[in-house]
Amino acid sequence: MVDRHSCRDVGLMDGPFMAFALSSSGRLLACLSTKGVFKVLAVEENLQVLDVANIVETIKKPKQMVWCGDDCIALYLIAQTPSSSLQHILFVGGPQNDWIPYQYDTPLHLVSECDGCRVLGTNKIEFVQRVPPSVEQIFSIGSFDPPAMLCYALERYESGDVCAQESLRPIKAELPEAVSTCIDAALCEQPPHSSNLLRAASFGRHFLSETPEPDRHRDACKNLRICVELRKSPIEIPITAAQLEKLGIAGLTLRLAQRHFHLLAIRICEWTGHSQEKVLYHWACEKIRHSTAYTDEQLCQIILSKFQRCPGIGYAEVARVAAETVRTVLATSLLNHEPRSHAQVQVLVQLSQEGDEKNREIMLRIALDKAARSWDPDLIHLALSAASGGDLCKRGADIQAVARLVKERPFELQVISDMVTGILSKAEQFDRARMLCDQLDRKRPAAYCALHRIYRQANYEERMKLLRFSKDLFAISDATATDAEKASMQFASQACAEEIDLLRAQVSLEDQAASKHWKGNTRFAGLPLASTLVRLIEIGEVVEADNLRSQMKVPDKRYWRIKIRGLSNAANFEELNAFATHRTSPIGYELFIETFLKHGRHDFALALVPQVKSAEQQAQYFLRMGMAEEAQRARSRGEERSGAGRLLNMFGVGR
Amino acid sequence: MDSAVGELVDAVRADVRARLLDLLDEVTGRKVLLLDSTIVGPLDLIVSPSDLKDHGVQQWHKLSDQTVASDCSQMIFLVRCARIELVDMLAKQIHADEKEKKERLYVAVFVPNKTEECVQRLAASNVKANVRIAECAIHHFPSDKDVLSMETPRLYHDFHVLGDPSGPFYAAQALMFLQQKFGTIPSVHAIGGAGRVVVEVMQRIRKEDQAGQAKRSTLGGKVEMIQPGVPPVAPSPKGAAAIRRREEASQTSPALQASASPEVQEAKPSKISELVVIDRRVDLFSVLCSQFTYQALIDATYGIQNNLIDISNAAWAKDRGSSNSTVKLSPDDLFYQEIRDLHIDKLGPLLEEKARAVQQTYSEKDNVKNKSASDMAEYIKKFKTAQSAHPLLEMHINLAHALKDKIQTEDYRQMLKLEDEITAQSTSSQSCLDLVEDIMDDQKPFHEALRLLCLLSLVNNGIKAKQLDQLKRTFLQSYGFEHMLTLANMERAGLLRYQQGKSGWSTIKRQFNLFVEDAAADQDISYAYSGYAPLSVRLVQMTRSQPKGWIALKDALSLLHGPAQELQQPDSTSAREQDPNKPSIVLVCFLGGVTSGEIAALRRLSELEDGRRRFLIMTTEFINSKKLFESMRNEDVFKQPPVEGRARPQERSRGFGFWPTNR
């Protein structure tokens, strides 16, 4: 036996076998050996042999061997008669049964069905079926089984016999089963028998206090009705109720649709409450393919009017068909009704890859629009890569095309341009990002894209070049910009100019350091101005610091703070003290004192404390130097603090 | 106390855990796990290391540029689909293995779902063929009993600066996930640009889902017959009822029926009754203002990461000589739960009391010596609990001391004073700006300077062009030209602006009652910020406190940034009366992060409303002002090599150290 995972020998005796047949339920396997040994195996139970029989008649290979339902086997043999004409023989039977021969003059084809076997001849179709037990119970001659009695009672009742009930009395206990058997039998029969049987079932139910399986009765009526209708001209599908059950309404309607009986299929769906989606979808595709007379708009109207009643139907798939038949307008207007954005965009992207340039643009534009509206980053990416013809960051990507598309509706597609800029920046392709922004007339982002490049350039000359470039970009005035934006651009331009000056100064400082052999850390290029000054003071080049300070116009207050930091870093406290006492400080003395205290120079700190304005602050300093008395005195000098505000109040005055 | 909310969080945790472990079980055998750096940390919140071991994971690492060597025959990558650049690292790992001729089974798991982009990127890296692609819907990491965090940082920056909608998009997906699990939330409030995106995406997904569901239900499910003409067959009472129902149904149109049917199937009572989506941009004040709960101060000082703090730099920790450099602030720890939301002022006395109790238990030792055995046993038990609580208590006392010391330094007080003046608008903006400038001149941490500058800009609806230029220049001079981008980002994100028009701050303050008088502040939600009631929490409060919800506040809301929306989602159970005694659960979703202070305030709000509403917090991350400004900085700009001076051969020969040593 071979299956998906392995193959193994099941050890069947009496081989070799010339024919196999699997029953329609898939449970039974029949096989016929060359020696005429016939076996039935149970598939589920590890191919256990259920039955063995010898068929002497079949010494040659049968043309066909199929199951009639799960009940018996039909063997089709071609025998040569003595008059050398071919004889077609059909044997129906099974192990432990007699084989019933049927003879035909024309060639046959057998089709196994779930409840029997269809015999296709040249002129007619026959259906061979084992008589179902339910039918046997009722119609076998002289049957006194409860179902038969039920039918008899109905017959008496209908013929006006007042004592009809008498026939029911003996089967009172079995009545529910009888009703159910009647339904079973009805399903296997044709009208008028089936309707008689259903009537009998219905009649029987009147005598029951509780209805067993009401749904079954209803479904039986429904299915039978469908079968009967289908048998009629012009459809003429001889389907039995059991086959219908197996096929399902969905399968049936799809078959009908394929035969172009769309209306009937829809009616059946409506009547049984099944989804019309597949039928409608099939109908729409056929409609589009075949109705060349309609315009796109008309077709769209027709399709929409039908689709409205079926929520969740795949507009996108129909649109794809429309596109295949080069009905672009129809495709796009159908897509507009598709609720699933993924399907929408995917189809649009697919469509954009077909057709001419104009079609391409239309599709891409809609795809981008839909993607932007869905906010789904994946969809946006999908649409973008379609628009640019591949990976955005690749060399060949067509950024221009994206720019063109976005430019038409800059406001709605803002998110698209932002995403592209973001993707390009992430891949460090700032120049392309800048060009995109440029094309979209977005001056400010363009300038910032240029700015990004500066930081990645470690070479001094190159960096200067880029700085100048950025400065010029920022200086371009944009008439449409708001005042705030203009101010911001102007500032950025100035900042670039200042950075140019600073970098030049820093590099010349480094040159000087090299030629004059300054000690300490003399790397300046790229540092912030404040740090440059601090470092100069740290290494003792105060004159240079003063020069740079006046060149860059550093305000007095800031320079004082810088100087304190520099001297403190260099641990040059004598100098710092001299600095503190040399001139009145524009920034107060707290910073000096803090610095001294941090480095444990209480001697210098103490002298400065009286200069501190706030008495409370003075007291704090005294306390930190361990001078409680002085602190107390200072505090008493100071007035009570007042109105400290929301956040300070919570600490309380006393601390 | 929040058992109802806790249940939801537990359900989410169980779900995510099951998903993750199922995924691991799909490939049998020993495996190595390579994780997205944003997942490694919070993974702890879902599964324990022993869980991973039980499911065959031999080792797990952060996915990085460094390749990992291992002899496991399987390798699983767990990567966020939004972080597309990680796919390259993944490919690098596979290529490295190939070079060493190692045969492995690779599974790339994308969180929360796989995207076309990821698959394309894999294909572009030439590894798609050897990788099995899977997805795992991990949306949330439950970081607390009432907090679900998505752990997707930088949403505020990405959305408001770069214009990238993926943050809100994935947040909307996460919200849909919660609604699938707990039922459609009937009432939705959203504010801000990102909030609008979330609502739009949510509505779209719902529409798509419904379309899909309609399809499924009509195909597979049993649908009532809707066409008249079926012969009545059943005389029994049950059958009669069925017919009547059918007749009712037949009067309505078929289309209506079909659209209604999925809802009937979905008839799950919604466990969450309200959703409030708040874009961080609407309420930046709450990030910029100082907070004073214990947890908020720990976060500001040490930075809480996945409920852990790193105290290796803290002086008091060194004194203790403890080997452990991290402390876990577990939400399961009852003691920490009790103190984390306390105002720092209230914390001291409580800790003291606890310490005294432990002390007393210790000292009772002498008294029990002569007592009976049972007393003794009881005492031993008491002693043991005291002893086990001791190290934890000691740690918290040390921590609290360190925090108290910090907030009492002069620098800190100066900052607070300035913050106070800015928010109260009590002094001229020029004098405030001068003080901010001083902070910059001292090269204090850049986020501190920016925090106050932005607060000033927000309160005054911008800063005058001349003043702002001056401040920006100072900033660049002190912190470097690299911050040009930081400033530009802040301007785009609305943190910093040139003044345009009058400030609406005083109206906002009044309308939302943001500043509460001292006496009431202790009990009000403003306690966490010492008098400032977080705007976001006020917004949540007002969905209920105002008779008509937000509609009544139209004017006030129009002063805030971004559109405010209110909508009702179709919910099958909305007609059903809610049990008035049962607290309703409100999901508050912060897009762009939530602060500790806001969490504390929301917890307090629930208490103030007598527990009628319980709050489940969903956030994209935990944020404080430092993190906010760090996200504004373009990190890669600071990692560039330094500028080389003019070509100087002798220097070249020395090599390119950033800071060459003395010459």
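What counts, and at which threshold
- Residues numbered from 1 in each chain as written.
- Chains lettered and ligands numbered in written order.
- Predicted model: local features only at pLDDT ≥ 70, side-chain atom pairs only at ≥ 80, totals over all residues.
- Heavy atoms only, no water.
- Pairing = 2+ DSSP bridges.
- Helix = DSSP H or I, 4+ residues; strand = E, 2+ residues; numbered from the N terminus.
- Expected span 1.5 Å × (residues − 1).
- Buried < 20%, exposed > 50% of the residue type's maximum accessible area, 1.4 Å probe, protein only.
- Contact = heavy atoms within 4.5 Å.

A. Representation of the pairing of strand β1 (residues 17-22) of chain A in the model. All names here are of chain A. Here β1 runs beside strand β2 (residues 28-33); their pairing, made up of 5 bridges, is antiparallel. By the bridge assignment, A19 is partnered in β2 with L32. In this antiparallel pair of consecutive strands, β1 and β2, the connection spans 5 residues, and G26 shows a positive phi of 80°.

B. Seen up close, helix α14 (residues 357-374) of chain A. Compared with the 26 Å implied by 1.5 Å per residue over 18 residues, the 26 Å span of α14 of chain A between its first and last C-alpha is a close match. Along α14 of chain A, the residues that are buried comprise N359, M363, L364, A367, L368, D369, K370, A371, A372 and S374 of chain A.

C. Spatial organisation of the sheet that holds strand β13 (residues 584-591) of chain B. Residues and elements named next belong to chain B. Spatial ordering of the open sheet is given by β6-β7-β14-β13-β9-β8-β12, a layout of 7 strands whose pairing is mixed. What marks the edges here is a single partner per strand, and that holds for β6 (141-142) and β12 (564-568). As paired strands, strand β9 (residues 274-279) and β13 are joined by 6 bridges and run parallel to one another. Paired with D279 across the strands is L591, a residue of β13.

D. View of unusual backbone geometry. With omega at -5°, the peptide bond leading from V111 of chain B into P112 of chain B counts as cis. Its identity as a non-glycine residue notwithstanding, D441 of chain A has a phi of 60°, on the positive side. Tracing the backbone shows D441 of chain A in the loop between α18 (430-439) and α19 (443-455). D441 of chain A gets classed as partly exposed once you look at its relative accessible area, which sits at 48%. Backbone geometry at K101 of chain B places phi at a positive 55°, although glycine is not the residue there. Tracing the sequence through the fold places K101 of chain B in the loop between α4 (86-99) and β4 (105-111).

E. Up close: helix α2 (residues 146-158) of chain A. Residue and element names in this part refer to chain A. With 13 residues, α2 extends 18 Å from end C-alpha to end C-alpha; this agrees with the ideal 18 Å at 1.5 Å per step. Here α2 has its buried residues at P146, P147, A148, M149, L150, C151, A153, L154 and R156. The positive-phi residue at the C-terminal boundary of α2 is G160, with phi of around 85°.

F. Geometry of the environment of L539 of chain B. Residue and element names in this part refer to chain B. With respect to the element layout, L539 can be found in helix α25 (residues 535-545). For L539 and D283, which are 256 residues apart along the polypeptide, the C-alpha to C-alpha distance reads 9.8 Å. The residues touching L539, leaving out its near neighbours within four places in the chain, are I191, V282, F512, W550, L557 and L560.

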